[in-house]
Structure formats: structure tokens, C-alpha cells
Amino acid sequence: MSELKVHATPVGSPDLSAVLNREAGLRRNLTSRQLSMIAVGGAIGTGLFLGSAVSVRLAGPGVVLSYIAAGAVALTLMWALGEMTIAHPVAGSFGVYAEMYVHPWAGFAMRYSYWLGQVIAIGSEMVAASIYCKHWFPGLPSWIWIVGFSVALVWINASSVSSFGIFEYWFAMLKVATIVLFLILGAALLFGIGFPAIGKANYFSHGGFLPNGWAGVGLGVAMAVFSYLGVEIVAVTSGEAKDPAIALPRAMRWTLARLGIFYIGGLAVVVGVVPWNQLGLGESPFVRVFESAKIPAAAGIMNFIVLTAALSSVNCNLYLTARMLFSLARGGYAPSALGRLSKRGSPVAALLASSAGMVAAVFLEHWFQGTAYLYMLGAAFFGGIFVWLMIFVTHLAFRGHTAKWLQSPRRFAPPGPWSSLFGLFVLGAVLVSTWWVPGLRITLTAGLPWLVFISLCYLGWRRFHPRNSAAGATEYG
């Protein structure tokens, strides 16, 4: 199969083929099963195991409706991204599509915003992993765990995409197995299979199903959307997928189906087993359910699970940051050395640069947790929503261009612009609602200045680079 679908280039737009071909050289070794599990692993992190308590406190049992609404947005996003990814399977993914169909600024801003967000997430997860290890080894300093895990995960990513795919597959499988066990255990507690039946009382007691009204459900959607962030990794892996025309649609369908069951089913179990107003913001709802089943090692089991979840997230995010930086370099928006590939087809230079960013993020979190790092974290949250918003904008432009194609692309979304307009409307409302969600106001106060800053960076870059200067790098440097 050819590396890129050049025949799908819009009539009268020869420059699009050059944009796509500059990212050639990555090895297509990821299978459909690996793509699906990588996406699940990227989307299921400590946010589900630990942070879901925030959504529960906002919406009560109605949190189930919050996650259904967020799942609908994720579905429309997968439709939009699926159409563009099948047509153009490249590592730069949505950033490249935005550059092609909207404006070079859009591709520049999306990829750098996404890169920053993932680098910050890596730093946060590495610090979290070191804290989890203190549960078993309280005497060892945190930096030992951070250095050890960092070296191991960078080595895995640098080896080959096959090594990354195998390792992340089993990382994600552990999380999936944990959630399946959790759902079975929760159902047994609710229906009285081997335990005294809890029944449906907790769904309607303590203020009813909507104790904070529909406003609580609406605010809960904001945290729910953040939980789904990560499904877009399927599109980023398209540049290294075996037979992307077959593997990508299958991976996208399975990813969203699994996430819907895990998120919605998992939280339905949580609010059914534990009264929603008894969940603290600093504890894992999952631990409370295991404790309700009188499992003696619940804390230790969940500590191991959240540790693997954190390491899985770091592994995925290292992959993402390396590919985003590689794509920016191939587009001429970053030093060309970052667009080089090793003999095994891995963007090692981009990976090491992103790892340096991880070190900086860890440093900032340790020394400037209340100031600089907090604003970086807010910009990262904003970046995730901004990227999703721009994916919908790009899809609308993509649909306009495809009317001129000699061969129509494969369709996932319904006819017309309505699904992407729905996604734009809901995400816009979610972004505004973060002003009233505890702990998320920083999304707007830090995110909007970041968008201004990255736009000024683009204007500065454009001033010193002619319009067609996206030189890129050769395959092996």
C-alpha cells in the first residue's frame, strides 16, 4: 500500500501533496489491536481512577448524564477525525489537516498547544508515579523513581514503534482488566450476588438523582470532556499504522465503544455503591467501591493500578510529543534536526527534546507549583479543548474541499455540517463553564494568554520565513 493517498488531493490544490509527503519515513508497524488499546490507554488515566470524584460532587448521580453528553461530543469528534485521517494518514494528524484546510497558523497553534499540554501531563504523571511508589518504599527519594521510569520509557519509545506498541498494549490491557473487574464487582454489590444487595437507593437518596439540578450536570460535562481527551491519539498513530484504511476505522469504533462502557458504566457503579455526597475530592471512588466489598488489599491494589495508569499515560504522551515535534520540524516550524529519523524509523531527536521538556515540567511543578506551573497546567487544559474545537473547524473546511475531489473520501459523520457544529457548540459551552468549575478557572485565565502568545510566535516565525519554506528533513537526517 502506498504511504499516502496522493490521489485524494483536492483538484487544483497541488501543494497539499507536498504537505503530506514531507512526513514520510515512519514505519507502519502498529496493528489494529494495538491502535485500539493505545487509544484506550491514552484516554484512561488517573483522571478516571482519581479525578472522577470532582464530576460526582458537581452532578451527583446525574454524573452519568454528564458522561453520556461528553461521549456524544467524543463520537462526533471521532467521526470528523476519522474522515480526515483515512484520507491522510500522517503523524502530524489534525495539525497537518488544519494547516492544509484552514490556515498555517491553525496547524502551528494546534501542534504546539498539544505538545505543551502533553509535556506538562508527562511531568505531572511522573511526579504522581513517584508518589505512588512511596506507598511501598517510603524511604527512597522521589527523584530515583522519576529518573528510573523516565530512562526506561524513553528507551522503549526510542527503540522502535513496534516496541512501543507492544508495551502500551499490555499497559492498557491491565487498566481494561481492572475496570472490567470493577464493573463485575459493582454489579454484584448492587444486585446482591454474593453480597448484601445495595439496590438503587443511592441513585435517588441524598437529594435525588439531580441534587444540584441540570446546572450540576452541565458543569459535570466539563470534567467529563477532559476525561475523554486522549481519544485523538488514534489519528496520531495513523502515520505508523499497518493498512490504515482498515485498521483505523476498526480502532476508532472499538475505542469509543470501550470508553463509553468503562466511563459511563464505571461511574454508574460508583454512585450506586457509594452515596455521592460521601466521596471526598482527594480520594479514588474506585478504592471506595473495593473497600465496600471488604477487599483487604484495596488500597495496595489501586495504588498499583494508578501507578501503571500513570506510566501508561507517560508512555503514550512521550509518543505523542515526539510525533508532534517531528511533524512541526518537517513543516519547517521547528529546527530541522527534530525531523530526523533513526535507522529504526523513530524520531529520536524529537523524543529527546520532548523528554527535556518533561524534566522542565517536573522542575516547575516542584518549585513553582502555585505560580508558573499552575498557569502552564491551565494552558494545557485549554490546549486540549482548543485542539478539539479546531478539529471540528477543520472538518467543516475539509467537507467543503472534498466536494471538488475526483474520488469522494470515506464518510463517517452524517451528511451536512450538523455533527461538527454540534461539537463546536458544546465544546464552546464547556470552555465557558470552566469559569465556574472548582479548580478549572485557570483554564481560561491561562489559556487565552497562551493562545495570544503562540499566535505572536507564529507571526514572528512567518516574518522570517517565506510562505513556502517548509523544507522538512530527509528521512534519516
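Residues numbered from 1 in each chain as written. Predicted model: local features only at pLDDT ≥ 70, side-chain atom pairs only at ≥ 80, totals over all residues. Heavy atoms only, no water.

The helix and strand tally for the protein stands at 18 helices and 0 strands. Per-residue burial over the protein gives 58% buried out of 477 residues. A fraction of 81% describes how many contacts in the protein between residues 6 or more apart in sequence connect residues 24 or more apart. Summed over all atoms, the accessible surface of the protein reaches about 18,400 Å², with 70% contributed by carbon and sulfur. (Helix = DSSP H or I, 4+ residues; strand = E, 2+ residues; numbered from the N terminus. Buried < 20%, exposed > 50% of the residue type's maximum accessible area, 1.4 Å probe, protein only. Contact = heavy atoms within 4.5 Å. Areas by Shrake-Rupley, 256 points an atom, 1.4 Å probe, with all protein chains shown as cover.)

Along the polypeptide, Ser419 turns up in helix H17 (residues 418-433). Discounting chain neighbours no more than four positions away, the residues touching Ser419 are Thr76, Trp79, Ala413 and Pro414.

Further remarks concern the pattern of salt bridges. Counted according to the given criterion, the structure contains 3 salt bridges. Arg399 is paired through a salt bridge with Glu83; the nearest N and O atoms lie 2.8 Å apart. Residue Arg399 is located in helix H16 (residues 372-402), and its partner Glu83 is located in helix H4 (residues 63-87); the two are separated by 316 residues in the primary sequence. Residue Arg399 is classed as buried on the basis of its relative accessible area of 16%. Its relative accessible area of 0% is what places Glu83 among the buried residues. With a closest N to O distance of 3.5 Å, Glu83 and Arg411 form a salt bridge. In this pair, Glu83 sits in helix H4 while Arg411 sits in the loop between H16 and H17, placing the two residues 328 residues apart along the sequence. Of the residues examined, Arg411 reaches a relative accessible area of 39% and is grouped as partly exposed. Linked through salt bridges whose partners overlap, the residues forming this network are Glu83, Arg399 and Arg411. (Salt bridge = Lys/Arg side-chain N within 4 Å of Asp/Glu carboxyl O.)

Our next topic: the confidence of the model for the protein. The predicted model of the protein averages 79 in pLDDT, with 84% of residues at 70 or higher. Within the protein, no element has a lower average pLDDT than helix H1 (residues 15-21), which sits at 61, and none a higher one than H17, at 92. Here residues 1-14 is modelled with pLDDT under 50, and outside its nearest four sequence neighbours on either side it reaches 31 contacts, counting other chains as well. The low-confidence segment residues 468-477, where pLDDT is below 50, has 26 contacts with residues more than four positions distant or belonging to other chains. (pLDDT = per-residue confidence, 0-100.)

With that settled, consider a nonpolar patch on the surface. On the surface, a cluster of nonpolar side chains totalling about 770 Å² of accessible area is made up of Trp136, Phe137, Leu140, Trp143, Ile144, Val147, Val151 and Phe304. Ranked by residues supplied to the nonpolar patch, first place goes to helix H7 (residues 142-159) with 4 residues. By secondary structure assignment, the location of Trp136 is in the loop between helix H6 (104-133) and H7. (Patch = residues over 30% accessible without salt bridge, like charges linked within 9 Å, V, L, I, M, F, W, Y side chains within 5 Å.)

This next bit is on the environment of Phe195. Along the chain, the position of Phe195 falls in the loop between helix H8 (161-191) and helix H9 (201-204). A sequence separation of 98 residues divides Phe195 from Ala293, and the C-alpha atoms of the two residues are 7.8 Å apart. The contact partners of Phe195, leaving out residues within four places of it in the chain, are Leu185, Ala188, Leu189 and Ala293.

Two elements in contact, H6 and helix H18 (residues 442-464), have axes separated by 10 Å at closest approach and are oriented at 125°. Here H6 lies oblique to H18, going by the angle between them. Seen from above, H6 lies across H18 with right-handed handedness. Two secondary-structure elements touch here, H6 through Pro104, Trp105, Phe108, Ala109, Tyr112, Ser113 and Leu116 and H18 through Trp450, Leu451, Ile454, Ser455, Cys457, Tyr458 and Arg462. Taken together, the residues of the contact of H6 with H18 sort by class into 11 nonpolar, 2 polar and 1 charged. (Axes fitted to C-alpha atoms, helices over the stretch in contact; angles between N-to-C directions. Parallel < 35°, antiparallel > 145°, perpendicular 65-115°, else oblique. Left-handed = near helix turned anticlockwise from the far one by under 90°. Nonpolar A, V, L, I, M, F, W, Y, C, P; charged D, E, K, R; others polar.)

Before going further, it helps to examine the packing of H7 against H8. One way to put it is that H7 packs onto H8 with a least axis distance of 5 Å and a crossing angle of 130°. Of the possible angle classes, the one that applies to H7 and H8 is oblique. Taking contact as the criterion, the partners of Leu153, Ile156, Asn157 and Ser159 in H7 are, on H8, Ser163, Phe164 and Phe167. Taken together, the residues of the contact of H7 with H8 sort by class into 4 nonpolar, 3 polar and no charged.

A word on helix H10 (residues 213-228). Taking 1.5 Å of rise per residue, 16 residues should cover 22 Å, and H10 covers 23 Å from first to last C-alpha, within 8% of that figure. Along H10, the residues classified as buried are Gly216, Val217, Gly220, Val221, Ala222, Met223, Ala224, Val225, Phe226, Ser227 and Tyr228. Looking one or two residues past H10, Gly230 carries a phi angle of roughly 125°, positive in sign. (Expected span 1.5 Å × (residues − 1).)

Ranked by internal contacts, the top residues of the largest apolar core, which has 151 residues, are Phe94 and Trp388. For Trp388, the residues in contact, after removing those within four places along its chain, are Val73, Ala74, Leu77, Val225, Tyr228, Leu229, Val231, Glu232 and Leu427. (Core = buried A, V, L, I, M, F, W, Y, C linked by side-chain atoms within 4.5 Å.)

This brings us to unusual backbone geometry. Backbone geometry places His206, a non-glycine residue, at a positive phi of 60°. By the element assignment, His206 lies in the loop between H9 and H10. Residue His206 is classed as partly exposed on the basis of its relative accessible area of 35%.

Glancing now at the environment of Ser163. Topologically, Ser163 is positioned in helix H8. On the basis of relative accessible area, Ser163 is assigned to the partly exposed category, the value being 29%. Taking the C-alpha atoms as reference points, Ser163 and Leu30, 133 residues apart in sequence, are found 9.7 Å from one another.

So, about the packing of aromatic side chains. Counted according to the given criterion, the structure contains 19 aromatic pairs. Plain terms: the ring middles of Phe108 and Tyr333 are 5.6 Å apart, the flat faces sit at 75° to each other, and that makes the pair edge-to-face. Residue Phe108 is located in helix H6, and its partner Tyr333 is located in the loop between helix H14 (298-330) and helix H15 (348-367); the two are separated by 225 residues in the primary sequence. Overall, the relative accessible area of 4% leaves Phe108 in the buried class. Their ring planes at 10° and their centres at 4.5 Å tell us that Phe164 and Tyr319 sit as a pair that is stacked. Of this pair, Phe164 sits in helix H8 while Tyr319 is found in helix H14, placing the two residues 155 residues apart along the sequence. Looking at Phe164, the relative accessible area reads 1%, which means it is buried. A residue is classified by how much of its surface remains accessible, and Tyr319, at 1% relative accessible area, is buried. In textbook terms, an aromatic cluster arises when at least three aromatic residues are bridged by ring pairs, as seen for Phe108, Tyr112, Tyr333, Tyr458 and Trp461. (Phe/Tyr/Trp six-rings, centres within 6.5 Å; stacked < 30°, edge-to-face > 60°.)

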